[in-house]
Amino acid sequence: MDLGRYPKERASQEMRNSIPGLGRVMVFLAAALASASFAIPEDWEEEGVQYGQLGTDVTLPCPGFHASSPVRWRRAGATALPEGSAIQQGSLVLPSASLAFVGAYSCHGEDGGLLHTVSLRLGHLPGVPFVSCRASDYENFSCSWTSSVETFLPTRYITTYRNRNGHVGLCLQDPSRPGTCTVHRSEFWSSYRLNITEVNPLGFSYRLLDVTMQAIIKPDPPEDLVVEPIPLAPRRLHVSWKYPSSWPKEPHFQLRFRLQYRPVIHRSWSVVETVNLSEVITDAFAGLEHVVQVSAKDFLDAGNWSEWSAEARATPVRDLASTASEETTTDARLESLAEESSQAPNPEPINHSDPLEKMAVLVSLGIFAFFILAAVLVITILIWLRVRKHGKDKTKPSFLVAATHLRALPTEAQIL
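Residues numbered from 1 in each chain as written. Predicted model: local features only at pLDDT ≥ 70, side-chain atom pairs only at ≥ 80, totals over all residues. Heavy atoms only, no water.

**Student:** How should the overall build of the protein be read in this particular structure?
**Tutor:** A tally of helices and strands in the protein yields five helices and 22 strands. Here the protein holds 416 residues, and the buried ones make up 29% of them. Taking the intrachain contacts of the protein between residues at least 6 apart in sequence as the baseline, contacts between residues at least 24 apart amount to 64%. Only carbon and sulfur atoms are counted for the fraction: they give 58% of the accessible area of the protein, which is about 27800 Å². (Helix = DSSP H or I, 4+ residues; strand = E, 2+ residues; numbered from the N terminus. Buried < 20%, exposed > 50% of the residue type's maximum accessible area, 1.4 Å probe, protein only. Contact = heavy atoms within 4.5 Å. Areas by Shrake-Rupley, 256 points an atom, 1.4 Å probe, with all protein chains shown as cover.)

**Student:** For this particular structure, what's the right way to read the sheet that holds strand 2 (residues 58-60)?
**Tutor:** Working definition: the strands of a sheet are paired by backbone hydrogen bonds and lie parallel or antiparallel to each other. With respect to topology, three strands assemble into an open sheet ordered 2-5-4, the strand pairing being antiparallel. With partners counted over all chains shown, the strands left at the sheet margins are strand 2 and strand 4 (86-88), one partner each. Ignoring strand direction, the axes of neighbouring strands in this sheet form an average angle of 30 degrees. Where strand 4 and strand 5 (residues 91-94) come together, three bridges link them in antiparallel fashion. Looking at the pairing, Ile87 lines up with Leu92 of strand 5. (Pairing = 2+ DSSP bridges. Axes fitted to C-alpha atoms, helices over the stretch in contact; angles between N-to-C directions.)

**Student:** Looking at this structure, how should I read the sheet that holds strand 22 (residues 312-314)?
**Tutor:** Pairing is antiparallel across the open sheet formed by four strands, whose spatial order is 19-18-21-22. Of all strands in the sheet, those bounded by a partner on one side alone are strand 19 (270-274) and strand 22. The average undirected angle you get between the axes of adjacent strands in this sheet is 25 degrees. Where strand 18 (residues 255-263) and strand 21 (residues 290-298) come together, nine bridges link them in antiparallel fashion. Bridge assignment links Tyr261 to a residue of strand 21, and that residue is Val292.

**Student:** I would appreciate a short explanation of the state of the cysteines in the present structure.
**Tutor:** Such a bond, covalent and formed between the sulfur atoms of two cysteines, is termed a disulfide. Tallied over the full model, the rule gives three disulfides. Two residues, Cys171 and Cys181, share a disulfide whose sulfurs are 2.1 Å apart. Residues Cys171 and Cys181 share a disulfide whose torsion about the S-S bond is about 90 degrees; that sign makes it right-handed. Taken as a pair, Cys171 in the loop between strand 11 (168-170) and strand 12 (172-173) and Cys181 in strand 13 (residues 180-183) lie far apart in primary sequence, ten residues in all. By relative accessible area, which is 1% here, Cys171 ends up buried. Once the bonded cysteines of the protein are numbered in order along the sequence, the disulfide links fall as 1-2, 3-4, 5-6. (Disulfide = S-S within 2.5 Å.)

**Student:** Can you help me understand a nonpolar patch on the surface in this one?
**Tutor:** A grouping of Leu377, Val378, Ile381, Leu382, Trp384 and Leu385 is seen on the molecular surface, where their side chains present a nonpolar patch of about 610 Å² in accessible area. If you trace the backbone, Leu382 turns up in helix 4 (residues 355-408). (Patch = residues over 30% accessible without salt bridge, like charges linked within 9 Å, V, L, I, M, F, W, Y side chains within 5 Å. Salt bridge = Lys/Arg side-chain N within 4 Å of Asp/Glu carboxyl O.)

**Student:** For this particular structure, what's the right way to read the environment of Phe188?
**Tutor:** Counting through the fold element by element, Phe188 comes out in the loop between strand 13 and strand 14 (191-200). Phe188 sits 29 residues away from Ile217 along the chain, and the two C-alpha atoms are 9.4 Å apart.

**Student:** Hey, could you run me through the pairing of strand 7 (residues 114-123) in this one?
**Tutor:** Along any regular strand, the residues point their side chains to alternate faces of the sheet. Examined bridge by bridge, strand 1 (residues 49-53) and strand 7 share five bridges and lie parallel to one another. Bridge pairing in strand 7 links Val49 to Ser119. Two elements, strand 6 (residues 103-108) and strand 7, share six bridges in a ladder whose sense is antiparallel. Bridge pairing in strand 7 places Gly103 opposite Leu120. The hairpin turn running from strand 6 into strand 7, its antiparallel successor, is five residues long, and Gly112 in that turn takes a positive phi close to 90 degrees.

**Student:** Help me out: how do you make sense of the nonpolar core in this one?
**Tutor:** Of all hydrophobic cores here, the largest spans 40 residues; its most connected members are Phe141, Leu194, Val239 and Ile281. When residues of this core are assigned to their parent elements, the largest contribution, four residues, is made by strand 18. Setting aside its immediate chain neighbours within four residues, Phe141 contacts Arg134, Ala135, Cys181, Thr182, Val183, Ser186, Tyr192, Leu194, Val211, Met213 and Ile216. (Core = buried A, V, L, I, M, F, W, Y, C linked by side-chain atoms within 4.5 Å.)

Without other data, these values stay purely geometric and don't point to any function.
What follows is the structure in structure tokens.
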């Protein structure tokens, strides 16, 4: 057995196993580069315009230069060239270029004739863009981005994706919505890797972002929110709404909702969750205007809650019967007070004592009476015990006297 050949065979096998994954990556990068080649416009290479990087030395060549004749450089709108600039072999060298160096330059021959003109534009290399993705339904998702660096240069974006099966496609950009792209007919249970590449005349930079539909789904807010008072129900409001128009009407992907409401004069919200398209608020405040909003989320709790809908307002009705009864009772009380005030004064003294004071007096009298009765009872028992003891003492000596008398009498034997 050739043991030395085993590591080679194993390495060869591992390489063959890694080829499919490597191939997918190469295909993805090739697609991105192909897209980049189509995305970079020709006007970035237009004649008469030169791009340079801020903070570096920028060289402006003079194509009509001849070594035998000197060259002079001028800057449009300025009497002198930028400080520190130098002419080397007919080219103008601008050290540590800044935005102040931007402008039109021209080189001239010894006789003053124009040899070449160039418009200098300066900026930075692209930075890694900030990217976020969101699905407003379960069939499509969109990504948006912003540049992390202000480049001061024209910029384009290449937007591609690769799904779990290795399929590579374009995330389509909409000219009416700059900074966004959309992947149509996406698979809800699949994952995607987005490549957002920022390109300008100096170079490019990209961001790779892995997304899953379940994590990024966020419905649009519910629509057509209506709040209405309920007749003869002073503490109730009827609230109804509709699915967002962007959410497909399919039975397999439903939404659930949460409702928040409060009186306009209060700051704290009450929140109710429901799976219905309407709800009855049962604890509203009669006669106070209420503000109501609703939001939506995937029924199986995937993703995030939508933003709150636009506000709707309504005021619960007043209970007319109760209001009339209260007004009638109030009028009757006022009339009664007026009649009592017009009658002759009562000759009996008015008792202004508080009911609590009366109760306290009664309790005190009860306690006092209890102690009096207890004392009388104790005294009575003591007197009774004393009298009884005294009676026993009187009875005992009479028995002793009788016994002594009987003992002193002579017995029948003595008499005989």
